[in-house]
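Listed below are the residues making up each chain.
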Amino acid sequence: MAVLVVTGASSGIGRAVAERALAQGWQVALLARRVTLLDEVAAGCPEALALPCDVTDEVAVKAAFSAVVARFGRIDVLFNNAGSFPKGALIDEVSLEEWRGTLDVNLTGMFLCARAAFGQMRAQTPQGGRIINNGSIAATTPRPGSVCYTASKHAVTGLTKTLALDGRPFGIAAGQIDTGNVRTELAARMQSGVQQADGSIRPEPMMEVAEVAAAVLHMASLPQGANVLRMTVMATTMPFVGRG
């Protein structure tokens, strides 16, 4: 039975991926800060391991990944999903604290979890595994007032490509899923109206989170000789292609 670690597993895309993986027979370690919600996902499922963890805390990440290996013996896939989306603002309205806070979660948190997973995958027998980073279409096509989020997700792409390159000798594949307008708590405001590049406020089409979970599990289930380096899953008619 394959072992999957999901960060940000208490809600949204992370929770949808964790629940779908458990239904498919994966052993799943669920990492997030909100303990009550984690326990909801893991309730009654012997293949689930709920681990309260702040991904920005180096000590907490090391402890969580050690607990995963102690329980399941190895790590086959990491879905590096935990992230934050700060309120929109122009760069001269963004405090250094807000900037650092976004990068701490969206980039440093991903680095810490990828580092822990990579080290385990490199050391385990049989060697290898897969790291899937949750990027964003904002990595290449930003929204107005999204300097913190966009910069962090652009950096995630660099992290993904480097992991894919450095993982080759050890059988470690890396890929990234970029999503657009997924119906989650984080993106709920887009249904009522979000700022467009021309300054107008308009509601946008949304897609169901189950479709993203299916895509992530497809990436996770590929044989070692195949990899999705980058996938975009978006609401079909959202303003992305030709945005602006």
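A brief report on the enclosed structure follows. Quick caveat, the model's predicted, so the values are computed rather than measured. (Residues numbered from 1 in each chain as written. Predicted model: local features only at pLDDT ≥ 70, side-chain atom pairs only at ≥ 80, totals over all residues. Heavy atoms only, no water.)

## Quick notes on the side chain of Gln27
Positionally, Gln27 belongs in strand E2 (residues 27–32). Within the local environment of Gln27, its side chain forms a polar contact with the side chain of Glu47, the two groups lying 3.2 Å apart. Leave out the neighbours within four places in its chain, and Gln27 touches Met1, Ala2, Val3, Leu4, Glu47 and Phe72. (Helix = DSSP H or I, 4+ residues; strand = E, 2+ residues; numbered from the N terminus. Polar contact = N/O pair within 3.5 Å; in protein donor to acceptor, adjacent residues only side chain to side chain. Contact = heavy atoms within 4.5 Å.)

## Let's talk about the sheet that holds strand E1 (residues 3–7)
The strand order E3-E2-E1-E4-E5-E6-E9 describes an open sheet built from seven strands, whose pairing is parallel. On the outer flanks of this sheet lie strand E3 (48–52) and strand E9 (230–234), each paired with one strand and no other. Averaged over all neighbouring strand pairs, the angle between strand axes comes to 15 degrees, with direction disregarded. Pairing of E1 with strand E4 (residues 77–80) involves three bridges; the strand directions are parallel. Considered in E4, the bridge of Leu4 is made with Val77. In this fold helix H5 (residues 147–166) packs onto strand E5 (129–134), strand E6 (172–180) and E9, with an angle of close to 155 degrees to the strand it touches most, E6. Against the sheet, helix H6 (residues 209–220) contacts E4, E5, E6 and E9, and its axis sits at roughly 165 degrees relative to E6. (Pairing = 2+ DSSP bridges. Axes fitted to C-alpha atoms, helices over the stretch in contact; angles between N-to-C directions.)

## So, helix H2 (residues 35–42)
Residues of H2 that are buried include every one of Leu38, Val41 and Ala42, and no others. Angular distribution of buried residues about the axis of H2 spans 90 degrees; they occupy a single face of the element. Of the surrounding secondary structure, the elements contacted by the buried residues of H2 are helix H1 (12–23), E2 and E3. Two residues or fewer after H2 comes Gly44, characterised by a positive phi angle close to 75 degrees. (Buried < 20%, exposed > 50% of the residue type's maximum accessible area, 1.4 Å probe, protein only. Arc of directions from axis to C-beta.)

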